[in-house]
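Structural features, examined
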Amino acid sequence: VQLQASGGGLVQPGGSLRLSCTASGRTFSYYNMGWFRQAPGKEREFTAAISRSGGVTFYADSVKGRFTISRDNAKNTVYLQMNSLKPEDTAVYYCACTTRGPITRISYEYEFDYWGQGTQVTVSS
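Now for a description of the structure that goes with this document. (Residues numbered from 1 in each chain as written. Predicted model: local features only at pLDDT ≥ 70, side-chain atom pairs only at ≥ 80, totals over all residues. Heavy atoms only, no water.)

**Description of the state of the cysteines**
Taken as a whole, this structure holds 1 disulfide when the rule is applied. Disulfide pairing is shown between cysteine 21 and cysteine 95; the S-S distance is 2.1 Å. Because the torsion about its S-S bond is 60°, the bridge between cysteine 21 and cysteine 95 counts as right-handed. Residue cysteine 21 is found in strand 3 (residues 17-24), and its partner cysteine 95 is found in strand 9 (residues 91-98); the two are separated by 74 residues along the sequence. The exposure class assigned to cysteine 21 is buried, which follows from its relative accessible area of 0%. We note that cysteine 97 lacks a disulfide partner, and the nearest cysteine sulfur, in cysteine 21, lies 8.0 Å from it. Accessibility expressed as a relative area gives 1% for cysteine 97, which makes it buried. (Disulfide = S-S within 2.5 Å. Helix = DSSP H or I, 4+ residues; strand = E, 2+ residues; numbered from the N terminus. Buried < 20%, exposed > 50% of the residue type's maximum accessible area, 1.4 Å probe, protein only.)

The following block contains the structure:
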């Protein structure tokens, strides 16, 4: 599976961005999908995940209520809608996929099988 993330950029605090991650290769709907992020000088951390059908989502506490993960299996794409962005959301955002589950119990990097290249999100005035 090849994953291609896009949609990052520079946004002011309080603003919004939508990240996309498009998959090619094996059947997209076979995988649970996730987003991770890595801020400068910090380790990569779990952000959000979504089940194969899109019916179940799971978020890190730091983004709950502000970020929304969704997917369109017909387009082989997973999204991360980010609202009310804060400077501490600045990071490189990575999408990843896994055959493991349930998604409410998988939030470590080693539990995800394939990774995209990352897209930079910078929140600054």
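**So, the pattern of salt bridges**
Tallied over the full model, the rule gives 6 salt bridges. Where arginine 37 meets aspartate 89, a salt bridge forms, and the shortest distance between an N and an O atom there is 2.9 Å. Highlighted residues: arginine 37 in strand 4 (residues 32-38) and aspartate 89 in the loop between strand 8 (77-82) and strand 9, separated in sequence by 52 residues. With a shortest N-O distance of 2.9 Å, glutamate 109 and arginine 44 are connected by a salt bridge. Remark: arginine 44 occurs in the loop between strand 4 and strand 5 (45-50) and glutamate 109 occurs in the loop between strand 9 and strand 10 (114-115); sequence separation between them is 65 residues. Within this structure, Arg37, Glu45, Arg66 and Asp89 form a network of salt bridges that share partners. (Salt bridge = Lys/Arg side-chain N within 4 Å of Asp/Glu carboxyl O.)

**Describing the nonpolar core**
Grouped together as the largest cluster of nonpolar side chains are 37 residues, with contacts concentrated most on Trp35, Leu80, Met82 and Tyr93. Looking at this core, the elements with two or more residues in it are strand 1 (2-6), strand 3, strand 4, strand 5, strand 7 (67-72), strand 8, strand 9 and strand 11 (119-123). No other element matches strand 9, which puts 5 residues into this core. When sequence neighbours within four positions are dropped, the list of residues in contact with methionine 82 reads Gly15, Ser16, Leu17, Leu19, Arg66, Phe67, Tyr93 and Val121. (Core = buried A, V, L, I, M, F, W, Y, C linked by side-chain atoms within 4.5 Å. Contact = heavy atoms within 4.5 Å.)

**What about the environment of threonine 57?**
Locating threonine 57 in the fold gives a position in strand 6 (residues 57-59). Under the relative-accessibility criterion, threonine 57 is labelled partly exposed at 35%. Sequence-wise, threonine 57 and threonine 68 are 11 residues apart; in three dimensions their C-alpha atoms are separated by 8.6 Å. Once residues lying within four places of it in the same chain are set aside, the contact partners of threonine 57 are Ala49, Ile50, Ile69 and Ile103.

Bear in mind that shape data such as this cannot, by itself, settle questions of function.
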